[in-house]
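Spelled out, the chains give:
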Amino acid sequence: MSLRFYDTRARQVREFTPLHEGCASLYLCGATVQAPPHIGHIRSGVNFDVLRRWMSYRGYSVTLCRNVTDIDDKILRVAADQGVQWWAVSDRNQRAFTAAYDALGCLPPTVEPRATGHVPEMIALMRRLIDRGHAYAAEDGSGDVYFDVMSYPEYGALSGQRVDHMLGAGDTDSESAKRDPRDFALWKGAKPGEPSWETPWGSGRPGWHLECSAMSTKYLGSAFDVHGGGLDLVFPHHENELAQSRAAGDGFARYWMHNGLLITGGEKMSKSLGNSLLISEMVRRVRPVELRYYLAQAHYRSVLDYSEEALGEAAAAYQRVEGFLTRAAELVGPVEPAARVPDAFASALDDDLGTAQALAVVHGHVREGNGALGEGRKERAAELAAELRAMLGVLGLDPASGQWAAGDGQGLRDVVDALVSVALEQRQAARQRKDYAAADAIRDRLAEAGVAVEDTPQGPRWELRRG
Ligand SMILES: [Zn+2]
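Calculation notes
- Residues numbered from 1 in each chain as written.
- Predicted model: local features only at pLDDT ≥ 70, side-chain atom pairs only at ≥ 80, totals over all residues.
- UniProt positions renumbered as here; feature names shortened; annotations may be inferred.
- Helix = DSSP H or I, 4+ residues; strand = E, 2+ residues; numbered from the N terminus.
- Buried ≥ 20, exposed ≤ 12 C-beta atoms within 10 Å, placed from the backbone.
- Expected span 1.5 Å × (residues − 1).
- Contact = placed C-beta atoms within 7 Å.

- Under an unreviewed UniProt entry, the name given to the protein chain is Cysteine--tRNA ligase, and the organism recorded is Nocardiopsis suaedae.
- The annotation that UniProt attaches to the protein chain under Subunit (unreviewed entry) is "Monomer."
- For the protein chain, the Catalytic activity (unreviewed entry) comment in UniProt is given as "tRNA(Cys) + L-cysteine + ATP = L-cysteinyl-tRNA(Cys) + AMP + diphosphate".

Okay, here's the thing in structure tokens:
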């Protein structure tokens with residue numbers, strides 16, 4: 001079976017055939033860096049990281065371009081509020097985003113261009129659009145440059161809207177300079193005190209839509225395979241990117257993939273919840289790998305309604321997987337990942353990245369593996385553990401991979417292991433002299449410290465529980 005995805009523009013699942021055999025080019029709209037990331041910002045990073053890893057597993061050489069919008073109205077507002085330079089705001093928050101992507105195990109993009117580093121490419125694109133009669137400079141001297149929506153009959157094709165049903169773009173202070181209220185700004189004329197760059201039509205700064213068209217085609221070519229982003233970007237952002245690039249004569253994206261949004265309590269994330277859902281705060285409550293598991297388990301196109309309970313359940317599910325792998329390693333020694341993932345797992349991911357079905361295969365392996373361990377069938381347990389590691393590796397969730405194992409601090413774990421062993425020996429001694437109160441007290445003290453003890457036929461074993 002081949003890889004297939006839901007294409008927003010075609011409104012159906014389409015087989016993936018790359019532009020260049022053996023290669024896949026992906027553009028993902030990245031962060032507008034006006035604030036540090038919360039969990040809603042990072043979902044698309046994780047979803048598209050799973051896509052990228054699966055494409056690599058399927059043999060494609062993947063080029064991922066994820067941009068950074070380092071100038072826009074919100075960044076300028078934050079800078080003014082805080083009395084700092086706009087570039088200090090965008091740099092600080094870009095670092096926070098990078099740290100969050102890294103913490104959640106997202107592989108770094110092949111290239112991560114910033115908008116302000118690509119003004120010459122944007123000027124060239126505006127020149128092509130003006131020459132072809134699809135854009136014009138505002139006649140009021142504001143320095144704005146607009147896209148002429150009525151000059152491009154396919155406008156609305158991506159979001160499935162008719163132009164005569166659309167409202168005005170409302171994206172500038174000089175709306176009266178537009179030929180049509182639905183025309184959108186490619187470039188925003190300079191305002192006093194704001195940063196600006198020179199163009200043949202006056203000085204100003206990049207519009208959000210223009211920068212993505214300029215950067216995607218610079219790094220991936222005039223046509224490329226997949227354009228991704230959150231569902232909230234379909235209109236106007238992606239509609240406008242598509243219109244600009246096609247009107248300029250570029251083939252542009254061949255597939256459009258959008259991840260569903262993350263909501264809380266049935267609503268779009270509110271500011272009051274914002275701080276507790278910053279990635280930097282969340283990784284204090286759960287381990288980053290558990291947060292990744294939570295984000296990856298739901299289908300990328302589904303709406304994810306965040307709650308602490310759901311996150312806790314995801315963490316517990318992941319700990320069951322880890323628990324089996326730990327017990328298997330104790331019994332049969334270290335197990336390397338299998339070379340191939342099971343067919344059922346592969347067909348689930350081939351089918352529009354069905355991570356929920358793929359994880360059902362993972363948990364099936366865990367259940368069968370626990371049974372095999374209980375019955376002492378070591379070979380079968382080892383086989384299942386190896387396949388499990390292969391599947392988890394593709395999802396970026398293998399607990400024994402360098403990233404997560406190193407994150408746990410193996411050296412420190414050895415020290416804790418030695419200390420817990422001393423406590424467990426004393427508990428064993430207390431039990432032997434039938435001092436059950438003392439034995440239970442030791443177990444309770446360990447639990448308070450986050451060490452969960454389980455009695456097994458092979459003797460007591462322990463693991464760290466957080467949160
Ligand atoms: Zn974009």
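### Some words on the UniProt feature "domain: Cysteinyl-tRNA synthetase class Ia DALR" (unreviewed entry) in the protein chain
Part 1 of the reasoning: The sites that carry the UniProt feature "domain: Cysteinyl-tRNA synthetase class Ia DALR" (unreviewed entry) are, in the present numbering, residues 344–405.
Part 2 of the reasoning: Counting secondary structure, residues 344–405 comes out at 77% helix and 0% strand; the distance between its end C-alpha atoms is 27 Å.

### Points about unusual backbone geometry
Part 1 of the reasoning: Note that the residue after Phe-235, namely Pro-236, is joined by a cis bond; omega there is 5°.
Part 2 of the reasoning: By the secondary structure assignment, Pro-236 is in helix α6 (residues 234–247).
Part 3 of the reasoning: Located in the positive-phi region is Leu-353, a residue other than glycine, with phi close to 55°.
Part 4 of the reasoning: Residue classification places Leu-353 among the buried residues on the basis of 26 C-beta atoms within 10 Å.

### A short note on helix α13 (residues 378–394)
Part 1 of the reasoning: For α13, which comprises 17 residues, the first-to-last C-alpha distance of 25 Å matches the rise-based estimate of 24 Å (1.5 Å per residue) to within 8%.
Part 2 of the reasoning: Among the residues of α13, those classed as buried are Ala-381, Ala-382, Leu-384, Ala-385, Glu-387, Leu-388, Arg-389, Met-391, Leu-392 and Val-394.
Part 3 of the reasoning: As for α13, its buried residues are in contact with α1 (39–57), α10 (308–332), α11 (343–350) and α12 (355–374).
Part 4 of the reasoning: Gly-396 sits one or two positions beyond α13 and adopts a positive phi of about 70°.

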